[in-house]
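Architecture and fold: a report
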Amino acid sequence: DAGVIQSPRHEVTEMGQEVTLRCKPISGHDYLFWYRQTMMRGLELLIYFNNNVPIDDSGMPEDRFSAKMPNASFSTLKIQPSEPRDSAVYFCASSPPRYPYEQYFGPGTRLTVT
Amino acid sequence: KQEVTQIPAALSVPEGENLVLNCSFTDSAIYNLQWFRQDPGKGLTSLLLIQSSQREQTSGRLNASLDKSSGRSTLYIAASQPGDSATYLCAVSRGIDGNKLVFGAGTILRVKS
């Protein structure tokens, strides 16, 4: 299996621009998680899905952030408009049925907003 | 609100030394605890998972213990090697919603050859 795939690996954008991060979970996994990692706040859960349905989005920082999972093999995290404080590494993770805590992480997307 | 603290923040040891990384959490109502490894520029890899009913787990040179009542876990690495150099993160899943992991800030380990 190829593991969790994230794209792009690096993204540099200007403040005010829209940013879309993409994730392909491991085939057969039905949980998908989006995390953000910064030096100041560490690794934080933003939102997670089960069977393509958002279950908990309490970690989404504000309305500028949105996430979708249109099917079992694809999810997006969108930031619009982006701000410099959104600069971070964004990770996607997936886990198999009945074992949501056994999370397999992607390599992350490093976002820089100037 | 669950808070996870890891001590020390960074550690540098010579090759071959045994070492202990510490993790503490404020709410003992956890479902399980995991230790992850993160290499620079990469995602996290789960090393050991301890269910709340267990006291310890072992994998090769790694041994993790859990004392739920005191809110503490330790990761013991025996005979450390330069390849062990990485950031080690502790994460707990909440009892109510075991799907959500709360992470500590991590311990940056450097093993010198």
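Above: the structure in question.
This is a predicted model, so every value here is computed, not measured. (Residues numbered from 1 in each chain as written. Chains lettered and ligands numbered in written order. Predicted model: local features only at pLDDT ≥ 70, side-chain atom pairs only at ≥ 80, totals over all residues. Heavy atoms only, no water.)

1. A word on the packing of aromatic side chains
Per the counting criterion, the structure on display carries 12 aromatic pairs over all chains. With 5.6 Å between their ring centres and 55 degrees between their planes, Y101 of chain A and Y31 of chain B make a pair best called tilted. One end of the pair, Y101 of chain A, is in the loop between β9 (88-95) and β10 (104-105); the other, Y31 of chain B, is in strand β4 (residues 30-38), on a second chain. Judged by relative accessible area, which is 6%, Y101 of chain A ranks as buried. You can call Y31 of chain B partly exposed: its relative accessible area is 38%. (Phe/Tyr/Trp six-rings, centres within 6.5 Å; stacked < 30°, edge-to-face > 60°. Helix = DSSP H or I, 4+ residues; strand = E, 2+ residues; numbered from the N terminus. Buried < 20%, exposed > 50% of the residue type's maximum accessible area, 1.4 Å probe, protein only.)

2. Some points on the interface of chain A and chain B
How big an interface is tends to be stated in terms of the accessible area lost upon association of its parts. Chain A puts 18 residues into the contact, and the matching count from chain B is 17 residues. Between chain A and chain B, a total of about 1,400 Å² is buried, with carbon and sulfur atoms accounting for 53% of that surface. Taken as a group, L43, Y101 and F105 of chain A account for 41% of the area that chain A buries against chain B, more than any other trio of residues on that side. On the surface where chain A and chain B come into contact, there are one salt bridge. A salt bridge links D56 of chain A to K100 of chain B; its shortest N-O distance comes to 2.7 Å. One can count six residue pairs in polar contact (both at pLDDT 80 or more) joining chain A with chain B. For the side of chain A that touches chain B, the elements supplying multiple residues, two or more each, are β4 (31-38) and β5 (42-50) of chain A. (Contact = heavy atoms within 4.5 Å. Buried area = accessible area lost by both parts, 1.4 Å probe. Salt bridge = Lys/Arg side-chain N within 4 Å of Asp/Glu carboxyl O. Polar contact = N/O pair within 3.5 Å; in protein donor to acceptor, adjacent residues only side chain to side chain.)

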